Amino acid sequence: MSDPGAADLAALRLRTPYEPRENVFESFFRSGSLVFAEPEPSRILALLAAVPTPVCINLERAAVIPEIAERAAALVADYGAEDAALLDAAFGRAAPEGRPPFELPRSMAAVEASRPDVPNDTVDPVFAHGHGLVL
């Protein structure tokens, strides 16, 4: 559909933002900024403004997604769940369970201000460690 606003609902599945690395060893790991690079956030936020959209994000690491979290019809975090498992939870065939293992920071500035050796040190996170349900 070329006009998302004409839809009753959209569903969006995202992967954690990262910066690809050239080094062979580093290329095996997701690293770098926790923020989506443009034009991705503009595209996502335009969809969220046009139609109610539940968002599922695969959190292999933390992500800075406050605007997405605030504007999504629902926000689901998964840690590698298959599509079938996600749909089972969405349609009530299975109960989601678990707690986020880390905080979701509100900005990269909050990430940089936190102490890397102290858990749950992010100021004003979008989601605090252990709050909410995940797949």
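The coordinates are above.
Residues numbered from 1 in each chain as written. Predicted model: local features only at pLDDT ≥ 70, side-chain atom pairs only at ≥ 80, totals over all residues. Heavy atoms only, no water.

Visitor: Just give me the short version of the pairing of strand β2 (residues 54-58), but keep the residues and values in it.
Guide: Side chains on a regular strand alternate between the two faces of the sheet. With four of five residues buried, β2 lies mostly within the body of the structure. Where strand β1 (residues 12-15) meets β2, four bridges bridge the pair, whose relative direction is parallel. Bridge pairing in β2 places Arg13 opposite Cys56. The parallel pair β1 and β2 is bridged by helix α1 (residues 40-50), and the resulting crossover is right-handed. In the sheet, β2 pairs with strand β3 (residues 74-78) via five bridges, with the strands oriented parallel. (Buried < 20%, exposed > 50% of the residue type's maximum accessible area, 1.4 Å probe, protein only. Helix = DSSP H or I, 4+ residues; strand = E, 2+ residues; numbered from the N terminus. Pairing = 2+ DSSP bridges. Right-handed = clockwise from strand over helix to strand, strands pointing away.)

Visitor: Report on the pattern of salt bridges, specifying residues and quantitative values.
Guide: In a structure, side chains of opposite charge can pair up when their charged atoms sit close to one another. Scanning all chains against the criterion turns up eight salt bridges. The salt bridge involving Arg13 is made with Asp78; its shortest N-O contact spans 3.4 Å. Note that Arg13 is positioned in strand β1 and Asp78 in strand β3, a separation of 65 residues in sequence. On the basis of relative accessible area, Arg13 is assigned to the partly exposed category, the value being 35%. The shortest N-O distance in the salt bridge between Arg93 and Asp88 comes to 2.8 Å. Each of Arg13, Asp78 and Asp83 takes part in one network of salt bridges that share partners. (Salt bridge = Lys/Arg side-chain N within 4 Å of Asp/Glu carboxyl O.)

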